[in-house]
Amino acid sequence: MRVVIDHVAGTRRGQRQEIPATARIRFGRHPDCEVAFDAHRDIDASSRHAELRPVEAGWVLVDIGSSNGTYVEGRRVTETPVSAATPTGVEFGMGGPRVRLFIGDDAAIEALAPAVIELARPAWLVPAIAAGALLLLLVILAATC
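One structure accompanies this document, and this report is about it. Model, not experiment: these values are computed from the prediction. Starting from 1, residues in each chain are numbered consecutively following that chain's sequence as written. With pLDDT at 70 or above as the cut-off, local features in this predicted model cover only qualifying residues; side-chain atom pairs require 80 or more to be listed or tallied, and sums for whole chains, interfaces and linings still use all residues. To obtain the side-chain values, all non-hydrogen atoms of the structure were included, while hydrogens and water were left out.

### Comments concerning the pattern of salt bridges
In what follows, salt bridge is the name for a side-chain nitrogen of Lys or Arg lying within 4 Å of a carboxyl oxygen of Asp or Glu. Here the structure, examined in full by the defined rule, presents eleven salt bridges. Arg2 is paired through a salt bridge with Glu18; the nearest N and O atoms lie 3.0 Å apart. You can see Arg2 sitting in strand β1 (residues 2-9) and its partner Glu18 sitting in strand β2 (residues 16-20), a full 16 residues away along the chain. Three labels apply to residues, based on accessible area from a 1.4 Å probe with only protein chains included: buried if under 20% of the type maximum, exposed if over 50%, partly exposed otherwise in between. Under the relative-accessibility criterion, Glu18 is labelled partly exposed at 40%. In this structure, the salt-bridge partner of Glu51 is Arg53, at a minimum N-O distance of 2.7 Å. By relative accessible area, Glu51 is classed as buried at 8%. Of the residues examined, Arg53 reaches a relative accessible area of 32% and is grouped as partly exposed. Elements are defined by DSSP. Helices are runs of H or I of four residues or more, strands are runs of E of two residues or more, and each kind is numbered from the N terminus.

### Digging into the packing of aromatic side chains
Two aromatic rings, drawn from Phe, Tyr or Trp (for Trp, its six-membered ring), form a pair once their centres lie within 6.5 Å of each other, and the interplanar angle then sorts them: stacked below 30 degrees, edge-to-face above 60, tilted otherwise. Applying the stated rule across the entire model yields two aromatic pairs. Where Phe37 meets Phe92, the ring centres are 5.1 Å apart and the plane angle is 45 degrees; that geometry is what we call tilted. Of this pair, Phe37 sits in the loop between β4 (35-36) and β5 (50-55) while Phe92 sits in strand β10 (residues 88-92); the two residues are 55 residues apart in sequence, bridging distant segments of the chain. Relative accessible area serves as the criterion here: at 5%, Phe37 is assigned to the buried category. For Phe92, a relative accessible area of 1% puts it in the buried group. Grouping aromatic residues by their ring pairs yields a cluster made of Phe27, Phe37 and Phe92.

### A look at the sheet that holds strand β3 (residues 25-28)
Strand order across the open sheet formed by five strands is β4-β3-β5-β6-β9, with mixed pairing between neighbours. Here the strands that pair on one side only, and so sit at the sheet edges, are β4 and β9 (79-82). Bridging between β3 and β5 involves three bridges; their strand directions are antiparallel. Bridge pairing in β5 links Ile25 to Leu52. Strands were regarded as paired on the criterion that DSSP finds at least two bridges between them.

### Some details on the pairing of β3
Note that β3 and β4 share two bridges and pair parallel. Across the sheet, residue Gly28 finds its bridge partner in β4, namely Ala36.

### Some words on a nonpolar patch on the surface
A grouping of Leu134, Leu137, Leu138 and Leu141 is seen on the molecular surface, where their side chains present a nonpolar patch of about 380 Å² in accessible area. With respect to the secondary-structure elements, Leu137 resides in helix α2 (residues 125-144). The patches described consist of residues with a relative accessible area above 30% and no salt bridge, like charges being joined within 9 Å and nonpolar side chains (Val, Leu, Ile, Met, Phe, Trp, Tyr) within 5 Å. Note on areas: these come from Shrake-Rupley sampling with a 1.4 Å probe, and a residue is covered only by the protein chains present in the view.

### Quick notes on the pairing of strand β11 (residues 98-104)
Regular strands place their side chains on alternate faces of the sheet. In terms of residue burial, β11 counts as a mostly covered element, since six of its seven residues are buried. Examined bridge by bridge, β1 and β11 share seven bridges and lie antiparallel to one another. Its bridge partner lying in β11, Val4 is registered against Phe102. Note: β10 against β11, four bridges, orientation antiparallel. From the neighbouring strand, Gly89 faces β11, where its bridge partner is Arg100. With antiparallel pairing between neighbouring strands as the criterion, β10 and β11 make up a hairpin whose turn holds five residues, including Gly93 at a positive phi of roughly 85 degrees.

Encoded structure:
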């Protein structure tokens, strides 16, 4: 059994990690985490954000006191079971890095469809739109005065 982590958004988007499913897997910006996000750019993720832990019944994803929360399939969780052979979407902080988790054997991993990688939006896009809207508002105000 292995845990497959497909990075679908964030600075590691497009990358895949495969980790033996033998012990806990830590997620966060700290370099000691098995799944480490960029410490300077993935700021919605905490240094030590969450852990995927083996339990008797399978696996559980636990938020370990993150600042911005852990979201599984869009729902904020503090602890949630993760089923084997079922792709699970996880977001580390609203708008933060997103991964697709999958736990399975070789055959299940081989049959897994490719992850949908989100397009990166340029960092300047939102500020440029806001500046354009502000400029338009100023022009309208100046024209009416």
